[in-house]
Amino acid sequence: MSDHKPTGITRWLFTTNHKDIGTLYLWFAFIMFLVGGAMAMVIRAELMEPGMQVVDPLFFNSMTTMHGLIMVFGAVMPAMVGFANWMVPMMIGAPDMALPRMNNWSFWILPFAGTMLVSTLFMEGGGPAFGWTFYAPLSTTFAPASTDFFIFAVHMLGFSSIMGAINIIATILNMRAPGMTLMKMPLFVWTWLITAFLLIAVMPVLAGAVTMMLTDRNFGTSFFDAAGGGDPVLFQHVFWFFGHPEVYIMILPAFGIVSQIIPTFARKQLFGYASMVYATAAIAFLSFIVWAHHMFTVGMPVAGELYFTYATVMIAVPTAVKVFNWTATMWKGSMTFETPMLWAVAFVFLFTIGGFTGLMMGVAPADFQYHDSYFIVAHFHYVLVTGAVFAIIAGIYYWIPKWTGNMYDERLGKIHFWWSTISVNVLFFPQHFLGLAGMPRRIPDYAVQFAEFNFMSSIGGFAFGAAQLLFLYIVIKCIRGGDKATDTVWENPEGLEWTIPSPAPYHTFETAPKVK
Amino acid sequence: MSSKAGSYYLPEPSHWPIVGSIGLFTMLFGFAMALPGTSDGQMGNMTMMYVGLAIIIYMLFGWFGQVIGESEAGTYNAQVDVSFRMGMVWFIFSEVMFFSAFFGALFYARQLSVPWLAGEGNNAMTNELLWEGFKNVWPTNGPANVGGEFKLVGAWGIPFYNTVILLTSGLTVTWAHWGLKKGNRQQLILGLFLTVALGALFVALQAYEYGHAYSDLNLKLTSGIYGSTFFMLTGFHGLHVTIGAIMLLVMLLRSMKGHFSAKNHFAFEAAAWYWHFVDVVWLGLFIFVYWL
C-alpha cells in the first residue's frame, strides 16, 4: 500500500493515524508548557524581591493555580500520551492504536478544555485563585464565578484522559505482534499499561470531586460544609485519592522512557527487566493507599498519621529497585553521552533528590515542620521538572530522529542540556532552604530574610525558561532538516521501532512482524 | 486509507470526533454560563447548553451509525471485536470508580465526619465550642439543621419494588440474550421489550418517589449531607438507568430491523453489561442508602 498522507488542515482535524495524533499531543503539550512557563515567569518576577511590585495578589494566586493546572493537565500528561501514541504501536508491532477514531477524540477534546480553562483568566472576578489542589471551601464558598468553567474544563480533561487510557490498554493487550509476550514488551509499554490503569481508576474520582464542588456551589448540597453535616476535609480525601495516583501517572511513563534510553547508551541490557516491571506495579498499587500523606496537618487521628507514614515510606522500596536498576545498567557499560543520555542520567540523579525529599515529608512528625512551605514546592518540582519533564525532553531527543528522519543538532542539544540542568538547580535547590527556614508557599510577598534565596531562584527560573526557547528552536530545526538519521539511529538500540525506516512511514507494521 | 480484507480494520479519517468536541464544549460552556454561582440563585439562559447537547446527539447518531454500517458490512474481524469489548469493560470500570467517589463520601460522612462533629475521638472541643448539643445520628442534615426537618423514604416501599424490578430486568435481558444465541428473534425482541419497559417503570417510580420526597417529606437536595448523598447517588444512578434503557431501546430497534446474529452481536452485549452494572450499583444503593 502506498504511503500517502492526507493533506491540509483536515489531515490534523480528522486524523485517525497514531503518529499524527502523537504529534498533535506533543505540540499541544509544548504550547501548554510555554504558556504555563510564562505564568511561572510571572511568579518568579513577583518573588524576585520582597514587597509587591509586578502583579496584584489575587492575580498572583491565579498564576500559581493556573501554572500548576496547565503544567499537570496540559503539558506533562498530554506529552506522555503523545509518546504513547507515537511509540506504543511501533514498539509492539501494531498497525495503529486499537480504537483510532476515539484516539482522535481523546486529543481533540484537549484544546477545547484548555481554552475553557484559560478563558477563566479573562472573566469577571478573575480566574481560579485557590491553588491547583482547589481545596474546599476556597473553591466552593469563596471562589470566583469562573470556577464553574474550571470545573467543566476538568471534566473534559477527564473524558480525554479516560478515553486515551482505554485506548492504550486495548492497544497493548490486544494489538501485540505474534511472539510479543507481555514479558517481552519494552519497559515503556509496561509503564504505560500500568499508568493507563491508574488513569481509568482515578480520573472518575476527580470527576466526582469536582461534581460535588459544582453542586455545593450551585445547588445547595453540603458535601464540604460542616453546618450541613459534611466536611471540607472530605474534599481533600477525595481529591488526594485521585491526586496521589496522579503523580505516578506523570512519573511512571518517565520511568519507562529512561528505561529505554539508558540501556541504549550503556550498550547493555536493562539490568533487571522483570524486577522493573514488578516495581512499577508495586508503585501503582501503593499509590492507592497513601493519599492522606498530603494531609498530615489536617487533623487526622494518630492511627491515620501512623498508617499513612508507614505505607508512604514503603514506596521507597520499589522506587529504589528502579534507581538501582538504572545504576546497575550503567555499571561497567561502554557509555557514551549523547544528548538523550545526558538528560536520562540527570533524571536519575535529580529525580532521586526529589524522591529523598519526598521520603522526608512522608514521615508525619517531620512533615508537620515543612508542610505547605517552599520545601514541598522544591520537592515536587524536582520530581516533576527534573523528573517528568527531563524524561520527556530525553525521550524527544531519543526518538525525534525516528520521527523526522533528521538528527537534531547535537551541539545545541548539549548546550540545552547543560544550560537547563544548571539553571534548574539554581531555580529549585534554594527553595529547599527557603522552605526549611519557614517561607510558606503560594504567597506573593515575604519577609526580608528570604530575599537572597528568592533572588537566586528567580534568576535560575528566567534562565531555565529561556533555555526552553532554545529547545523549541532545536526541535523546529530538526523538523526542517539536518543530517539524515539511519534506520537504527543509535548503535544497536533494542526495540521494533528501530527496525523501520527513518522517518517512520505513515503506516507501519500493517503486516505484523514476528518477534522471537 | 483502506484496509486489506481480513486484517485489523483501520478507519478512514473521521469528522465525528471534532463534532463531538465542539458539542461538548458548547454544552458545558453554556451550562457554566447558565449556572447561578451561588446555591440560592436562579439558573440563567440554557439555550447554548441545549444547542451543545443537540450537537452531541447528532454526533452520536452519525458516529454510531457509521460503526453499525461498518459492522453490518462485515468489516470487523475478531480482533477488532476484542478491542471493542476491552473498551466497554474499562469504560464500565471508570463508571464504577465515579460512583465510588460518591459512596466514599457517604461512608466518610456516616463513619467519620458526623461522629467527629458530635465530639467523638479528640473532637470534644469542636462539638463543645462550634456545634454544642449536636448528636451523632444518621440521617442528619447537620448541626445547623440545613434545609429543615425531613422524613425518610422507607426502604420497603418503592425502593424495594424497584429492586425487584431491576433484578427482574436483569433476568429478561439474559433471556433475550439466550434467544439471540439460539436464533430465536421473537424471544430476543420480547425480552428486550420487557427489559426496556421495566427500566422505564423503574425511572417512573423513582421520579414519583422524588416528587413525594420533595412535596411531602421535605427531603431535598439541600437537606444537608443526607439530602446531598441521597439525591446525588440515586440521581446519578437514575441517569445511568436512563442511559442504559436508551441503549437497550436502540438494541430493540436494531433487533427489529434484523441486525445481530447469533455470532456477531457485541453491541447487544455491551448494552447488557451496562445494564448489569447499573443493577449492581442499585443493590449498593438499596443496602447503604435506603436500608441500613
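All figures in this text were calculated on a predicted structure; none of them were measured in a lab.

Student: Before we move on, could you go through the overall build of chain A and cite the residues and values that matter?
Tutor: The helix and strand inventory of chain A stands at 15 helices and 0 strands. The C-alpha atoms of chain A give 22 Å as radius of gyration, which agrees with the globular expectation for 516 residues (24 Å, within 12%). In terms of principal-axis extent, the alpha carbons of chain A reach across some 65 × 45 × 45 Å. When each of the 516 residues of chain A is scored for burial, the buried share is 66%. Within chain A, contacts between residues separated by at least 24 positions form 83% of all contacts whose residues are at least 6 apart in sequence.

Student: Tell me about the overall build of chain B, residues and numbers included.
Tutor: Looking only at helices and strands, chain B has 8 helices and 0 strands in total. Along chain B, helices (α) and strands (β) appear in the sequence α-α-α-α-α-α-α-α when read from the amino end. Along the three orthogonal principal directions, the C-alpha set of chain B runs to about 75 × 40 × 35 Å. By residue count, 49% of the 292 residues in chain B fall in the buried class. Across chain B, every contact between residues at least 6 apart in sequence was considered, and the portion connecting residues at least 24 apart equals 70%. Only carbon and sulfur atoms are counted for the fraction: they give 69% of the accessible area of chain B, which is about 13,600 Å². Distance from the positive charge centre (12 side chains) to the negative charge centre (14 side chains) of chain B: 14 Å.

Student: Give me the lowdown on the packing of aromatic side chains, citing residues and values where you can.
Tutor: Residues and elements named next belong to chain B. Scanning the model with the defined rule gives 89 aromatic pairs over all chains in all. Seen from their ring centres, phenylalanine 103 and phenylalanine 107 are 6.1 Å apart, and the 35° between their planes marks the pair as tilted. You can see phenylalanine 103 and its partner phenylalanine 107 sitting in helix H3 (residues 78-117), 4 residues apart, about one turn around the helix. Using a relative accessible area of 13% as the deciding quantity, one classes phenylalanine 103 as buried.

Student: Before we move on, could you go through a nonpolar patch on the surface and cite the residues and values that matter?
Tutor: All names here are of chain B. The grouping of Phe107, Trp156, Phe160, Tyr161, Val164, Ile287, Phe288, Trp291 and Leu292 at the surface amounts to a nonpolar patch, some 880 Å² of accessible area in total. Within the residue set of the nonpolar patch, elements represented by two or more residues are helix H5 (158-181) and helix H8 (266-291). Residue placement: phenylalanine 288 occurs in helix H8. Given a relative accessible area of 32%, phenylalanine 288 falls into the partly exposed group.

Student: An account of the interface of chain A and chain B is requested, with residue identities and associated values reported.
Tutor: With 67 residues of chain A in contact, the opposing surface of chain B contributes 71 residues. Buried area between chain A and chain B, both sides added, is near 5,800 Å², and the carbon and sulfur share of it is 76%. Among the residues of chain A in contact with chain B, Arg101, Trp105 and Asn174 of chain A are the three that bury the most area, contributing 13% of the side total. Across the chain A-chain B interface, the total number found is 16 residue pairs in polar contact (both at pLDDT 80 or more). If you list the elements that add at least two residues to the side of chain A that touches chain B, you get helix H1 (9-14), helix H4 (100-119), helix H5 (147-174), helix H6 (187-218) and helix H7 (232-266) of chain A.

Student: Account for the nonpolar core, naming residues and giving values.
Tutor: Taken as a class, soluble globular proteins show a tendency for nonpolar side chains to be buried jointly. Residues Phe134, Trp326 and Phe347 of chain A together with Phe268 of chain B are the most contacted members of the largest nonpolar core, which totals 278 residues. In terms of domain composition, this core takes at least three residues from each of domain 1 (13-75) and domain 2 (77-291) of chain B. Apart from residues no more than four positions distant in its own chain, phenylalanine 134 of chain A is found in contact with Leu69, Ser139, Phe150, Leu206, Val210, Met213, Phe235 and Phe239 of chain A.

Student: So what about the domain arrangement of chain B? Which residues, and what values?
Tutor: Residue and element names in this part refer to chain B. Segmenting chain B into domains produces domain 1 (13-75) and domain 2 (77-291). Measuring from the centre of the C-alpha atoms in domain 1 to the corresponding centre in domain 2 gives 24 Å. Facing 5 residues of domain 1, the contacting portion of domain 2 comprises 6 residues. In total, about 380 Å² of surface goes out of reach between domain 1 and domain 2, with carbon and sulfur atoms giving 48% of it. The largest per-residue losses of area from domain 1 upon contact with domain 2 belong to Ile68, Ser71 and Glu72, which jointly make up 76% of the total buried on that side. Where domain 1 packs against domain 2, one counts 1 salt bridge. As a salt-bridge pair, glutamate 72 and arginine 254 come within 3.6 Å of each other at their nearest N and O atoms. Our enumeration of links across domain 1 and domain 2 arrives at 0 residue pairs in polar contact (both at pLDDT 80 or more). A breakdown of the residues in the side of domain 1 that touches domain 2 according to their chemical character gives 2 nonpolar, 2 polar and 1 charged.

Student: Describe the packing of H5 of chain A against H3 of chain B, listing the residues and the values that go with them.
Tutor: At their nearest, the axes of H5 of chain A and H3 of chain B sit 9 Å apart, and the two run at 140° to each other. As judged from the angle between their axes, H5 of chain A and H3 of chain B are oblique. As H5 of chain A packs across H3 of chain B, the resulting crossing turns out to be right-handed. Of the residues in H3 of chain B, those in contact with Ile162, Ile166, Ile169, Ala170, Leu173 and Asn174 of chain A of H5 of chain A are Gln79, Val82, Ser83, Met86, Gly87, Trp90, Phe91 and Ser94 of chain B. In terms of residue class, the contact of H5 of chain A with H3 of chain B is made up of 9 nonpolar, 5 polar and no charged.

Student: Outline the pattern of salt bridges, listing residues and values.
Tutor: Note on pairing: side chains with opposite charge can pair once their charged atoms come close. According to the stated counting rule, one finds 10 salt bridges over all chains in the structure shown. Note that lysine 477 of chain A is salt-bridged to aspartate 409 of chain A, the shortest N-O span being 2.6 Å. On the criterion of sequence distance, the pair formed by lysine 477 of chain A in helix H15 (residues 451-480) and aspartate 409 of chain A in the loop between helix H13 (374-404) and helix H14 (410-436) is long-range, its members being 68 residues apart. Residue class for aspartate 409 of chain A comes out partly exposed when judged on its relative accessible area of 22%. Where arginine 85 of chain B meets aspartate 81 of chain B, a salt bridge forms, and the shortest distance between an N and an O atom there is 2.8 Å. Linking arginine 85 of chain B with aspartate 81 of chain B, this pair stays in helix H3, spanning 4 residues, or about one helical turn. Classification of arginine 85 of chain B by relative accessible area gives partly exposed; the value is 22%.

Student: Go over the confidence of the model for chain B with me, naming the residues and quoting the values.
Tutor: The pLDDT averaged across chain B works out to 95; a share of 98% of its residues lies at or above 70. Predicted complex, confidence summary: ipTM 0.96, pTM 0.96.

Student: Can you explain unusual backbone geometry? Please cite residues and give values.
Tutor: The linkage connecting alanine 136 of chain A with the following residue, proline 137 of chain A, adopts the cis geometry, with an omega of 0°. Mapping proline 137 of chain A onto the fold places it in the loop between H4 and H5. Backbone torsion omega between serine 502 of chain A and proline 503 of chain A reads -5°, so that peptide bond is classified as cis. Within the fold, proline 503 of chain A resides in the segment after H15. Of note, lysine 332 of chain A is a non-glycine position whose phi angle comes to about 60°, a positive value. Position of lysine 332 of chain A relative to the elements: it lies in the loop between helix H10 (316-330) and helix H11 (339-362). Of note, asparagine 218 of chain B is a non-glycine position whose phi angle comes to about 55°, a positive value. Of note, asparagine 218 of chain B is situated in the loop between helix H6 (185-217) and helix H7 (224-257).

Thresholds, definitions, all that
Residues numbered from 1 in each chain as written. Chains lettered and ligands numbered in written order. Predicted model: local features only at pLDDT ≥ 70, side-chain atom pairs only at ≥ 80, totals over all residues. Heavy atoms only, no water. Helix = DSSP H or I, 4+ residues; strand = E, 2+ residues; numbered from the N terminus. Rg over C-alpha atoms; globule rule 2.2 N^0.38 Å. Buried < 20%, exposed > 50% of the residue type's maximum accessible area, 1.4 Å probe, protein only. Contact = heavy atoms within 4.5 Å. Areas by Shrake-Rupley, 256 points an atom, 1.4 Å probe, with all protein chains shown as cover. Lys, Arg positive; Asp, Glu negative; His and termini not counted. Charge placed at Lys NZ, Arg CZ, Asp CG, Glu CD. Phe/Tyr/Trp six-rings, centres within 6.5 Å; stacked < 30°, edge-to-face > 60°. Patch = residues over 30% accessible without salt bridge, like charges linked within 9 Å, V, L, I, M, F, W, Y side chains within 5 Å. Salt bridge = Lys/Arg side-chain N within 4 Å of Asp/Glu carboxyl O. Buried area = accessible area lost by both parts, 1.4 Å probe. Polar contact = N/O pair within 3.5 Å; in protein donor to acceptor, adjacent residues only side chain to side chain. Core = buried A, V, L, I, M, F, W, Y, C linked by side-chain atoms within 4.5 Å. Domains from an automatic or database assignment. Nonpolar A, V, L, I, M, F, W, Y, C, P; charged D, E, K, R; others polar. Axes fitted to C-alpha atoms, helices over the stretch in contact; angles between N-to-C directions. Parallel < 35°, antiparallel > 145°, perpendicular 65-115°, else oblique. Left-handed = near helix turned anticlockwise from the far one by under 90°. pLDDT = per-residue confidence, 0-100.

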